[in-house]
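# Examining the three-dimensional arrangement
Each chain, written out:
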Amino acid sequence: MKSSYPPQHADRQIIPFLLILAILFFKFISFPVINTFGFAPENFLFLLLGFILIFFVRTLVQLKGSFLIIILFFLFYSLEFIINLLQGDHGIGFIPQIKSIFMIIGIATFCSNEQNIVSAIKFFVVLATFSVVFGLLVYFIGEPFISIRQWFTASSSTAETIFIGKGSQLTGLYCVPHVFGYMMAAVPILCFTLFLAEKRFFWMGCLLVCSIGLLLNAERSALLMNIVVFGLVFWRQKNRFLLLPSLVLCVIAVLLIQHVFVSRSQNVVHLQEASYRSGSLSDRMKKTTSDEVVDRIKWQLHGIRAVLKHPLTGATQSEYAHEVYAEKMDTPSQRQVESALASHNHYVNVGLKTGIWGWMILAILLWRIAVMLRSDMAPFSEKQSLATIALGVKLSVIATMGNAVFHNNGLFSSEFASSTVLAFLMAIYGMVQSCQPTRPIYAAY
């Protein structure tokens, strides 16, 4: 598989590519704000990346299939920012969104060759596995790992209200458990396809660790999406019946570890020690009731109705809360407005934030992603391992986007795992398209 850039362009990518790896590292291990400068170390890297991208504007515009996605993100964030200003909310910043766009552009631009994209995916998986390992240390041991995590997340918006302690739902160093669920939805399938591509048991070890993390993260939607994507990958494998026993053994090992160690750790942990205390995934599955499922559907329907009543600007928190409590009372109290549970559907939230305009942008984005997911991997026919890794990236995109159907975060909230795997897909799609016969420019978009 040849690089999608001429040799001189490939040489120019070395430093930007290393910068991308550094950004991924700081996204996983998010150092707090340096008081002397007033912002976190990762912001230095994003400023440098933004400066470097100036010299690659022509390359960016020529990215086949990716330029439209970048424009859509920019349009949505701009629309969200303007609507918030019109509604009097001046506290919504634009910096996290700009950083997310820069990261996506950087990966799509500087990872569009075989060596870079495979290295970036491996680095991403290794860092995710490290995050799970650190989460396990917090879960089973507690201190000093709890304090270490608190130091790293000191600049987080949730630092003062959410405490992750021994026995909490598992998470990494950069987010809360339900957001880390997006990572747990995506990474196991990447581990498995890396194993299929390279036949190295290191990746099977990463899969085992992340499977334990999936159970202790205890997000049911992440489990559901793992079932979906692993079912799809098995369906595509010629030797699927030979691979089945190895995965069954992994599942058995994970369940035994949970039964032996997790149950013991939960017996010595007090409920007051952590903000998130839902037990393991199996515990949450046992507690799931039909009423809870119905309530989640109701929240989503309330959100849709609120958008339809305010189609041009979307619904404010107060307008959404009035819709939630419409059947119970005429006017909810301020406390009820502030505590009204969100729709738990990222795609509904897009409409709540930006009205039907946001849904229109979302529809175009989903169409563009669907085109990329359906892209033929025939150009990778001589590199079967690369085709297998590309399949893993496609499935990880499906997993994170499916997870967003049941949670509030996602692509348009700059969620890290979703944004990163989409950027990987954009880079791979650029490689595929560069091998196709030249077409009219409008066909690429």
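Computed from a predicted structure; not experimentally measured.

Once that is clear, we can look at the overall build of the chain. Along the chain, the regular secondary structure elements total 19 helices and 0 strands. Looking at the chain as a whole, 52% of its 445 residues qualify as buried. When the accessible surface of the chain is summed, it comes to about 20900 Å², and 66% of that surface belongs to carbon and sulfur atoms.

This paragraph deals with the side chain of Asn217. Within the fold, Asn217 resides in helix α10 (residues 201–217). Ignoring any residue separated from it by four or fewer positions in sequence, one finds Asn217 in contact with Gln169, Leu170, Pro177, Phe180, Gly181 and Met184.

Under the defined criterion, the tally for this structure stands at 1 cavity of 30 Å³ or more. Its boundaries defined by the atoms lining it, the largest cavity holds a volume of some 50 Å³. In terms of lining, the largest cavity is formed by Gly135, Val138, Tyr139, Arg149, Ile164, Gly165, Ser168, Gln169, Leu170, Thr171 and Gly172. At 3 residues, helix α7 (residues 114–140) tops the list of elements feeding residues into the lining of the largest cavity. Residues of the lining of the largest cavity, tallied by class, amount to 4 nonpolar, 6 polar and 1 charged.

Taking 1.5 Å per residue, 22 residues should reach 32 Å; helix α9 (residues 177–198) reaches 31 Å between its end C-alpha atoms and fits that length. Positive phi shows up at Lys199, right after α9, with a value of about 55 degrees.

Put simply, helix α17 (residues 346–373) and helix α18 (residues 384–403) touch, their axes get as near as 13 Å, and they point 160 degrees apart. Classified by the interaxial angle, the pair formed by α17 and α18 is roughly antiparallel. Handedness of the crossing formed by α17 with α18: left-handed. Counted together, Tyr347, Leu366, Ile369, Met372 and Leu373 of α17 and Lys394, Val397, Ile398 and Met401 of α18 form the full contact between these two elements.

Regarding helix α15 (residues 317–324), the residues found buried are Tyr320, Ala321, Glu323 and Val324. One face of α15 carries all of its buried residues, which in axial projection span an arc of 155 degrees.

Here we take up unusual backbone geometry. In this structure, the amide linkage connecting Glu143 to the following residue, Pro144, adopts the cis form with an omega of 5 degrees. Relative to the elements of secondary structure, Pro144 occurs in the loop between α7 and α8 (145–152). The residue Ser414 is not glycine, and still its phi comes out positive at about 60 degrees. Looking at the secondary structure, you find Ser414 in the loop between α18 and α19 (416–434).

Turning to its location among the elements, Ser221 is positioned in helix α11 (residues 220–236). Those residues in contact with Ser221 that lie beyond four places of it in its chain are Asn403, Phe406 and His407.

Taken as a whole and assessed by the stated rule, the structure comprises 7 salt bridges. A salt bridge links Lys353 to Glu80; the shortest N-O distance between them is 4.0 Å. Taken together, the residues span a long stretch of sequence, with Lys353 in helix α17 and Glu80 in helix α5 (residues 66–86) at a distance of 273 residues. When its relative accessible area of 29% is taken as the criterion, Lys353 is described as partly exposed. Note that Glu323 is salt-bridged to Arg305, the shortest N-O span being 3.1 Å. Of this pair, Glu323 sits in helix α15 while Arg305 is found in helix α14 (residues 290–309), placing the two residues 18 residues apart along the sequence. Relative accessible area serves as the criterion here: at 34%, Arg305 is assigned to the partly exposed category. The network of salt bridges with shared partners includes Lys122, Glu198 and Arg200.

Right, let's talk about the packing of α7 against α18 for a bit. At a closest axis distance of 11 Å, the pairing of α7 and α18 adopts a crossing angle of 50 degrees. Taken together, the axes of α7 and α18 are oblique relative to one another. Between α7 and α18 lies a crossing whose hand is left-handed. When α7 is examined against α18, the residues Glu114, Ile117, Val118 and Ile121 are found in contact with a partner set consisting of Leu386, Ile389 and Val393. Class assignment of the residues belonging to the contact of α7 with α18 gives a composition of 6 nonpolar, no polar and 1 charged.

For the rest of this paragraph, the subject is a nonpolar patch on the surface. The grouping of Leu224, Val228, Leu232, Val405 and Phe406 at the surface amounts to a nonpolar patch, some 340 Å² of accessible area in total. Structurally, the position occupied by Val405 is in the loop between α18 and α19.

Before going further, it helps to examine the environment of Leu215. The topology assignment puts Leu215 in helix α10. Along the chain, Leu215 and Gln169 lie 46 residues apart, while their C-alpha atoms are 9.1 Å from each other.

On to the packing of aromatic side chains, then. Counted according to the given criterion, the structure contains 22 aromatic pairs. Where Phe28 meets Tyr174, the ring centres are 6.0 Å apart and the plane angle is 80 degrees; that geometry is what we call edge-to-face. You can see Phe28 sitting in helix α2 (residues 14–28) and its partner Tyr174 sitting in the loop between α8 and α9, a full 146 residues away along the chain. With a centroid separation of 6.0 Å and an interplanar angle of 70 degrees, the aromatic rings of Phe76 and Tyr77 are classed as edge-to-face. Grouping residues by exposure puts Phe76 and Tyr77 together as buried. One aromatic cluster is present, formed by Phe28, Phe124, Tyr174, Phe180, Phe416 and Phe424 through successive ring pairs.

Basis of the calculations
Residues numbered from 1 in each chain as written. Predicted model: local features only at pLDDT ≥ 70, side-chain atom pairs only at ≥ 80, totals over all residues. Heavy atoms only, no water. Helix = DSSP H or I, 4+ residues; strand = E, 2+ residues; numbered from the N terminus. Buried < 20%, exposed > 50% of the residue type's maximum accessible area, 1.4 Å probe, protein only. Areas by Shrake-Rupley, 256 points an atom, 1.4 Å probe, with all protein chains shown as cover. Contact = heavy atoms within 4.5 Å. 1 Å grid on protein atoms, 1.4 Å probe; cavity = no way out; pocket = protein on both sides within 12 Å on 5 of 7 lines; lining within 4 Å. Points joined across faces, edges and corners; volume = space filled by probe spheres on them. Nonpolar A, V, L, I, M, F, W, Y, C, P; charged D, E, K, R; others polar. Expected span 1.5 Å × (residues − 1). Axes fitted to C-alpha atoms, helices over the stretch in contact; angles between N-to-C directions. Parallel < 35°, antiparallel > 145°, perpendicular 65-115°, else oblique. Left-handed = near helix turned anticlockwise from the far one by under 90°. Arc of directions from axis to C-beta. Salt bridge = Lys/Arg side-chain N within 4 Å of Asp/Glu carboxyl O. Patch = residues over 30% accessible without salt bridge, like charges linked within 9 Å, V, L, I, M, F, W, Y side chains within 5 Å. Phe/Tyr/Trp six-rings, centres within 6.5 Å; stacked < 30°, edge-to-face > 60°.

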